[in-house]
Amino acid sequence: MSSLSGTSSAYPVNSNEHWALYNARQSERDVRATCRRAMELAGPGAGRTAVDLGCGAGRETRALLESGWRVTAFDGDPTMLSAVDQPHPALTARRLSFEQITELPDTDLIHAAYALPWQDRPHFDRLWTMIRSALRPGGWIAVDLFGVRDSWAGAPGMTFLTETEAKSLADGLTVEHWHEEDELGAASSGPKHWHVFQLIARRPT
Ligand SMILES: C[S@@+](CC[C@H](N)C(=O)[O-])C[C@H]1O[C@@H](n2cnc3c(N)ncnc32)[C@H](O)[C@@H]1O
């Protein structure tokens, strides 16, 4: 992810132009760790349904499709799903901002890689309520969230969580994977401090 001015402390950009450039570089990279781990835990889709929120170019959407999931992918950017051959019989594309989503389809896996933080806290909470409602018994949530020690914390229109807040999102679910990254790392603009929670949780059957 790149920042506004290329310095580690600048706030990130949230614009169509920015995401078009970002998405153009995503199609051939490895599948992200949280998605990979969720697919290992949940097993092949075998026709089950998944939602990919903030799918971007669709690298993870493509992996889910290849693993037999039927995927509904959401993103606000016109370049969404540029890494996926379309039409695809198991793919539904919904070009909507998180703020425009009014409901999610009932689903067995809800995935969001580095996307949910790009909305303010009231919209984040609203969407999380929809995520919890849409999750079927036995279903999985696999998300990357930003923590309060991230370099970008405080950026307007974004959501950064304490560890307690992030863990409480899984109340009533079984946490199957939790990983906290809290260290200097690379962004496309240069080094930045990443404070990221990987959360994979399952709704009891
Ligand atoms: C950092 S990218 C991650 C994309 C993809 N999940 C990945 O891992 O490559 C964030 C994505 O969220 C989308 N996004 C940002 N804010 C959004 C919002 N408020 N509503 C819907 N999509 C949004 C952007 O268009 C972008 O595709």
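On a predicted model such as this, the values are computed, not experimentally measured, just so you know.

## Thoughts on the pairing of strand β7 (residues 190-202)
- Here β7 lies mainly inside the structure; 10 of its 13 residues are buried.
- In terms of strand pairing, strand β5 (residues 135-146) meets β7 through 7 bridges, oriented antiparallel. The residue bridging Asp 144 from the neighbouring strand is Gln 198, located in β7.
- In this sheet, β7 lies alongside strand β6 (residues 174-187) in antiparallel orientation, the contact comprising 13 bridges. Bridge assignment links His 177 to a residue of β7, and that residue is Ile 200.

## Description of unusual backbone geometry
- Of the consecutive residues Gln 86 and Pro 87, the connecting peptide bond is found in the cis state with omega at 0 degrees.
- Following the sequence through the fold, Pro 87 ends up in the loop between β2 (70-75) and β3 (91-95).
- Of note, Ala 46 is a non-glycine position whose phi angle comes to about 50 degrees, a positive value.
- Within the element layout of this structure, Ala 46 appears in the loop between α2 (33-42) and β1 (49-53).
- At Leu 81, a residue that is not glycine, the phi angle is positive and equals roughly 65 degrees.
- Position of Leu 81 relative to the elements: it lies in the loop between β2 and β3.

## Observations concerning the sheet that holds β6
- Pairing within the open sheet is mixed, and its 7 strands lie in the order β3-β2-β1-β4-β5-β7-β6. The open sheet terminates on both sides in strands that have one partner only, identified here as β3 and β6. Each strand axis lies, on average, 10 degrees off the axis of its neighbour in the sheet, ignoring direction.
- Here β1 pairs with strand β4 (residues 107-112) via 3 bridges, running parallel. From the neighbouring strand, Ala 50 faces β4, where its bridge partner is Leu 109.
- Sheet strands in contact with helix α3 (residues 59-66) are β1, β2, β3 and β4, and its direction is about 170 degrees off that of β2.

Rules behind the numbers
- Residues numbered from 1 in each chain as written.
- Predicted model: local features only at pLDDT ≥ 70, side-chain atom pairs only at ≥ 80, totals over all residues.
- Heavy atoms only, no water.
- Buried < 20%, exposed > 50% of the residue type's maximum accessible area, 1.4 Å probe, protein only.
- Helix = DSSP H or I, 4+ residues; strand = E, 2+ residues; numbered from the N terminus.
- Pairing = 2+ DSSP bridges.
- Axes fitted to C-alpha atoms, helices over the stretch in contact; angles between N-to-C directions.
- Contact = heavy atoms within 4.5 Å.

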